[in-house]
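# Observations on the three-dimensional arrangement
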Amino acid sequence: MDETRSISVTEKLLPYEDFSYKKDLLRKYADHIGKCDKNFFSLINNIFVDEGEKGEIVDEMILKTKQLEVWNTNLLMDVNFRIGQVVNRFNDQVDEMKQQRITITHENIFPI
């Protein structure tokens, strides 16, 4: 009488690869965006404040610009924080995809 047996294992098909270097690349882009923001807000400041512009509209534009500057700064800080989390999660997801569950079924023609 033949006896059928199965064994299931998880096999790693490819070696682990670290994508931490992507953090620096992404942060470099975020820093570039921050520099563009600073240049923009500096230009706005030069136009309205340094040239001595006055009036309700100018005051409101300066206020809104400062609010936007604070919002952008907070957003970039959050992006820099999340870059680490996202890349770490990406590392884990890629590593999981490099594993495969394998089931081997065989017949034991000489049972013990």
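What this report covers is the structure whose coordinates are included nearby. (Residues numbered from 1 in each chain as written. Predicted model: local features only at pLDDT ≥ 70, side-chain atom pairs only at ≥ 80, totals over all residues. Heavy atoms only, no water.)

## Quick notes on the layout of surface pockets
Let me state the cut-off plainly: A pocket here means an open set of points on a 1 Å grid, computed over the protein atoms alone, that has protein on both sides within 12 Å along at least five of seven lines. A cavity is instead a set of points where a 1.4 Å probe fits but cannot get out; residues with an atom within 4 Å of a point line either one. Grid points are joined across faces, edges and corners, and a volume is the space filled by probe spheres set on the points. By the criteria applied, helices consist of DSSP H or I runs no shorter than four residues and strands consist of E runs no shorter than two, each listed in order from the N terminus. For this classification, the nonpolar set comprises Ala, Val, Leu, Ile, Met, Phe, Trp, Tyr, Cys and Pro, the charged set comprises Asp, Glu, Lys and Arg, and every other residue, Gly included, is treated as polar.
Taken as a whole, the largest pocket encloses approximately 150 Å³ of empty space. Contributing to the lining of the largest pocket are Gly34, Lys35, Asp37, Lys38, Phe41, Glu69, Asn72, Thr73 and Leu76. Looking at the lining of the largest pocket, the elements that each hand over two or more residues are α1 (21-50) and α2 (56-97). It is α1 that contributes the most residues to the lining of the largest pocket, five residues altogether. Split by residue class, the lining of the largest pocket holds two nonpolar, three polar and four charged.

## Describing the packing of aromatic side chains
Note the following rule: Each Phe, Tyr or Trp ring, with Trp reduced to its six-membered ring, pairs with another whose centre is within 6.5 Å; inter-plane angles below 30 degrees give stacked pairs, above 60 give edge-to-face pairs, and intermediate values give tilted ones. Here the term buried applies to any residue with accessible area under 20% of the maximum for its type, exposed to any over 50%, and partly exposed to those in between, with areas from a 1.4 Å probe on protein chains only.
Taken as a whole, this structure holds three aromatic pairs when the rule is applied. Plain terms: the ring middles of phenylalanine 19 and tyrosine 21 are 6.4 Å apart, the flat faces sit at 35 degrees to each other, and that makes the pair tilted. With relative accessibility at 48%, the residue tyrosine 21 sits in the partly exposed group. Here a set of aromatic residues connected by ring pairs shows up, and it is made of Phe19, Tyr21 and Phe90.

## Some points on α2
Which entries qualify depends on this criterion: The span expected for a helix works out to 1.5 Å for each residue beyond the first. Note on bend: at a given residue it equals the angle between the axes fitted to the 7 residues ending there and to the 7 starting there. Contact between two residues is taken to exist if any of their heavy atoms lie within 4.5 Å; hydrogens are not considered.
Here α2 is 42 residues long and its end C-alpha atoms lie 59 Å apart, about the 62 Å a rise of 1.5 Å per residue gives. Arginine 82 marks the point of greatest bend in α2, at about 30 degrees. Residues of α2 that are buried include every one of Val58, Ile62, Thr65, Asn72, Leu76, Ile83, Gly84, Val87, Asn91, Val94 and Asp95, and no others. Where the residues of α2 are buried, they touch β1 (3-12), α1 and β2 (99-108).

## Considering the pattern of salt bridges
Using the following cut-off: The working definition used for a salt bridge is a side-chain nitrogen of Lys or Arg within 4 Å of a carboxyl oxygen of Asp or Glu.
Under the definition given, this model contains four salt bridges. Residues glutamate 3 and arginine 5 are paired through a salt bridge, measuring 2.7 Å at the closest nitrogen-oxygen approach. Overall, glutamate 3 belongs to the partly exposed group, its relative accessible area being 30%. Note that lysine 12 and aspartate 95 form a salt bridge whose closest N and O atoms lie 2.9 Å from each other. Of this pair, lysine 12 sits in strand β1 while aspartate 95 sits in helix α2, and the two are 83 residues apart along the sequence.

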